[in-house]
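A look at the structure
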Amino acid sequence: MTHHAPLPGPRGLLNSLRARVLLAVLVWVGLGIGGIWFSATRVFTKHIEEQYHEELDVHVRELAGLVKIGPGEHIELTRPLSDPRYLVPLSGFYWQVSVDRGMILRSASMTRGALDEDVAHGPVIVHRLDNGPTGPAITYGLIRKSPSGRDIHFVIATDQRLLDETIARFTRELTLWLLALAVALVATGVFIVVFGFRPLDRLAQATSRLRAGTTARLDGHYPVEIAPLVDDLNAYIAHNTAIVDRARVQAGNLAHALRTPLAVITDEAERLAQDRGTSAPAAVLLEQTRLMAQQIEYQLARARSAAGSGAPGAISRLSDVLAPILSAMRRLHPDKRFDLVNHAGPEAAWPVDPVDLSELLSNLIDNAGKWSESRVQLVIGEDGSVRVIDDGPGLAVGDIARAFEIGSRFDPGKPGSGLGLAIAHDIATAYGLSLTLENRPSPAHGLVVQLRARGPTDP
Ligand SMILES: Nc1ncnc2c1ncn2[C@@H]1O[C@H](COP(=O)(O)OP(=O)(O)OP(=O)(O)O)[C@@H](O)[C@H]1O
Ligand SMILES: [Mg+2]
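Residues numbered from 1 in each chain as written. Chains lettered and ligands numbered in written order. Predicted model: local features only at pLDDT ≥ 70, side-chain atom pairs only at ≥ 80, totals over all residues. Heavy atoms only, no water.

**What about the site of ligand 1?**
- Taken together, 18 residues lie near ligand 1, and Asn367, Asp390, Arg409, Leu419 and Leu421 sit nearest.
- Contact between ligand 1 and asparagine 367: an oxygen atom at 2.7 Å from a side-chain N or O atom of the residue.
- A distance of 3.0 Å is found between an oxygen atom of ligand 1 and a side-chain nitrogen or oxygen belonging to serine 417.
- Using a 2 Å cut-off from the grid points, one finds that ligand 1 occupies the largest pocket.
- Counting residues per element, the ones that place at least two in the shell around ligand 1 are helix 8 (354–371) and helix 10 (420–430).
- Of all the elements, helix 8 adds the most residues to the shell around ligand 1, at 4 residues. (Near = heavy atom within 4 Å. Polar contact = N/O pair within 3.5 Å; in protein donor to acceptor, adjacent residues only side chain to side chain. 1 Å grid on protein atoms, 1.4 Å probe; cavity = no way out; pocket = protein on both sides within 12 Å on 5 of 7 lines; lining within 4 Å. Sits in = over half its atoms within 2 Å of the grid points. Helix = DSSP H or I, 4+ residues; strand = E, 2+ residues; numbered from the N terminus.)

Now the structure itself:
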C-alpha cells in the first residue's frame, strides 16, 4: 500500500505549489532588491557628482577673486583659499594660477607636478578629466585678462579617486544593507509558504486517513478557499456511499426474493425426477436450479459484505475477529487441531469491516479444516499478514489458478458449494488486499493461503 512518488526532476519541482511560490518569492525579492540597488547607486552617484562639481566651481571663482595682479604681471594671493585641503601636501586638492608665458603660483598641496593651464579657455568655467599630480583629476579652469591684456589661467583640480572612493563606500554599505534585507525577505517568504500551505498538508493527512479507513469523511476545518472543495468531496463521498448501499440492498432483496420460487421449482423437479417418463428433463432442471441457487448464495454473500459500499472508517483487530472463528472451527472440525501464532502483537488490525474480515477468514480456515489431515496453523506475520497453513493434499497447479472462480470444486468427496474462495477473493479485492494460494514445499504437504496488504509489485 506504499505509494512511490516520482523523483523530483526539474518539472517535478514545478509540480509542487510550494516550490512554485518559493520560486516566485525568490524572483520577486531578487527583482525588488536588484531594482533598489541599481536606482539607489545611480541617484547617489549623480547627486554626489553634482555636489562635487558645484564645489569646484565655487573654488575656481574664489581663487580668481583672491588673486591680486601687480605691476609687470606679478601675481599673489591676498589670503589662502578657505578650504584647508589645498594646504595639505598631495591631498588631492590642487590649484594653479599662471600668467601667459609668465609667473606661476601653485597651492601648497602641490609639492610636485603641474596642471595643464590649457584647461582654461575663456571666461566661462570648463572642466575635463586630466592628469593631476596624484593621478586622474577632475580639472576646472577659467581665464581672466590682466590689465595689460595678458591671459591669466586659473585651474583647480581634485583627484577623481576621491569621488570614486566616496561612491564605492556608499555602494558597499548599501549592498550590505540590501543583502540583509533580501535574506530577511526570503526568510519571511519561506515562513509565508510554510504557514500558507499548512491547510493543504492537513487536507493531505485527512485524505490518507480516509484512504486508510480511519475516517469516513474529510475531517477538519479549512480556509474559505478550499473549504468548498472539501465540502463537495464529502458530499460526493456520502452520495456514493448511499448509492452503493442502495444497490447492495436491492441486490440482496432480489436474491432473497428468488430463493423461495427457486426452492419450489427444485421441489417440483425432484418430484418429477421420481417419475420414469420425466426423469431426464428433471435432471436438467435440477442441475440448472443448483447453479441458480449457487449464484443466489454468492450474490447474497456479496450484498452482506460492506466491502463494495465504499464506506470507509472500519477497522478490525485480528485477534478480536479470529477468536470466535477459531472456537467455531474447533467445534465444526473436532478432530483437527487449530494453532494461532501472532508475531504482530495483540493490536494488529486491518482497515476492513469486521463482518467482512470475519467472512473472509472463516472461509479460508473452514477450507483448511475440511482438507487438513490433523492440523491447521494460523500465522500472523510481523507486517500483519495472515497465513492459513494446513497439512492436507494441497492443490494441483492448474487448480490453484481456477480456485477463485465461482463454483470451482476439485474434491467432490467433501461437501460444499464452491463459493468460499470466490467470496473471500471478492472481499480481499474490494479492500485492495492480496489473497494467494500456494502449495507447501515438499516434503511437507498442504496448502498455504496468504492474505496481506497489496505491495507495490503486486498486479
Ligand atoms: N485448504 C485446501 N486444501 C485443499 N483443497 C482446497 C483447500 N481449499 C480449497 N480447496 C479446493 O478449492 C475448492 C474451492 O474452495 P471453496 O472454498 O471455494 O469451495 P468449497 O469449500 O468446496 O465450498 P464452500 O466453501 O462454498 O462451502 C474446494 O472445493 C477444494 O477442492
Ligand atoms: Mg470452502
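What follows picks up the thread again.
**A word on the packing of helix 5 (residues 227–274) against helix 6 (residues 279–304)**
- Contact geometry of helix 5 with helix 6 gives a least axis separation of 9 Å together with a crossing angle of 160°. The angle between helix 5 and helix 6 places the two elements in the roughly antiparallel class. Helix 6 is crossed by helix 5, and the crossing has left-handed handedness.
- Each residue belonging to the contact of helix 5 with helix 6 can be placed in one class, and the counts come to 15 nonpolar, 6 polar and 5 charged. (Axes fitted to C-alpha atoms, helices over the stretch in contact; angles between N-to-C directions. Parallel < 35°, antiparallel > 145°, perpendicular 65-115°, else oblique. Left-handed = near helix turned anticlockwise from the far one by under 90°. Nonpolar A, V, L, I, M, F, W, Y, C, P; charged D, E, K, R; others polar.)

**Describing the sheet that holds strand 5 (residues 126–132)**
- Pairing within the open sheet is antiparallel, and its 5 strands lie in the order 4-3-7-6-5. Both outer strands of the open sheet, strand 4 (104–106) and strand 5, are each paired with one neighbouring strand and no more. Adjacent strand axes in the sheet meet at a mean angle of 25° when their direction is disregarded.
- By the bridge criterion, 7 bridges tie strand 3 (residues 93–99) to strand 7 (residues 151–159) in an arrangement that is antiparallel. Its bridge partner lying in strand 7, valine 99 is registered against isoleucine 152.
- Lying over the sheet, helix 2 (residues 17–66) contacts strand 3, strand 5, strand 6 (135–145) and strand 7, oriented at roughly 145° with respect to strand 7. (Pairing = 2+ DSSP bridges. Contact = heavy atoms within 4.5 Å.)

**Here we look at the pattern of salt bridges**
- Here the structure, examined in full by the defined rule, presents 19 salt bridges.
- For lysine 46, the salt bridge goes to glutamate 50, with nearest N and O atoms at 3.5 Å. Placement of the pair is lysine 46 and glutamate 50 together in helix 2, with a separation of 4 residues, close to one helical turn.
- In this structure lysine 46 comes out as exposed when scored by relative accessible area, which is 55%. (Salt bridge = Lys/Arg side-chain N within 4 Å of Asp/Glu carboxyl O. Buried < 20%, exposed > 50% of the residue type's maximum accessible area, 1.4 Å probe, protein only.)

**Re the sheet that holds strand 12 (residues 386–390)**
- Here 5 strands make up an open sheet; going across it, the order is 9-11-12-14-13 and the pairing mixed. Here the strands that pair on one side only, and so sit at the sheet edges, are strand 9 (337–342) and strand 13 (433–439). Mean inter-strand twist for the sheet, computed between neighbouring axes without regard to direction, equals 15°.
- Along the sheet face, helix 7 (residues 318–332) touches strand 9, strand 11 (375–380) and strand 12 and points at about 170° away from the line of strand 9.
- Across the sheet, helix 8 is in contact with strand 9, strand 11, strand 12, strand 13 and strand 14 (447–453); its angle to strand 12 comes to roughly 20°.

**Thoughts on the domain arrangement of the protein chain**
- Each assigned domain of the protein chain is listed with its residue range as follows: domain 1 (61–163), domain 2 (244–304) and domain 3 (314–453).
- Placing the centre of domain 1 and that of domain 3 at their C-alpha centroids yields a distance of 111 Å. (Domains from an automatic or database assignment.)

**A closer look at the side chain of serine 98**
- On the secondary structure map, serine 98 appears in strand 3.
- The buried category is assigned to serine 98, whose relative accessible area is 0%.
- Of the polar contacts made by the side chain of serine 98, one reaches the side chain of glutamate 117; its length is 2.6 Å.
- Residue contacts for serine 98: discarding those within four places in its chain leaves Met103, Ile104, Glu117, Asp151, Ile152 and His153.

**Here's the deal with a nonpolar patch on the surface**
- A contiguous nonpolar surface patch, about 380 Å² in accessible area, is contributed by Leu14, Leu23, Val27 and Leu31.
- At 3 residues, helix 2 tops the list of elements feeding residues into the nonpolar patch.
- Mapped onto the fold, leucine 23 is located in helix 2. (Patch = residues over 30% accessible without salt bridge, like charges linked within 9 Å, V, L, I, M, F, W, Y side chains within 5 Å. Areas by Shrake-Rupley, 256 points an atom, 1.4 Å probe, with all protein chains shown as cover.)

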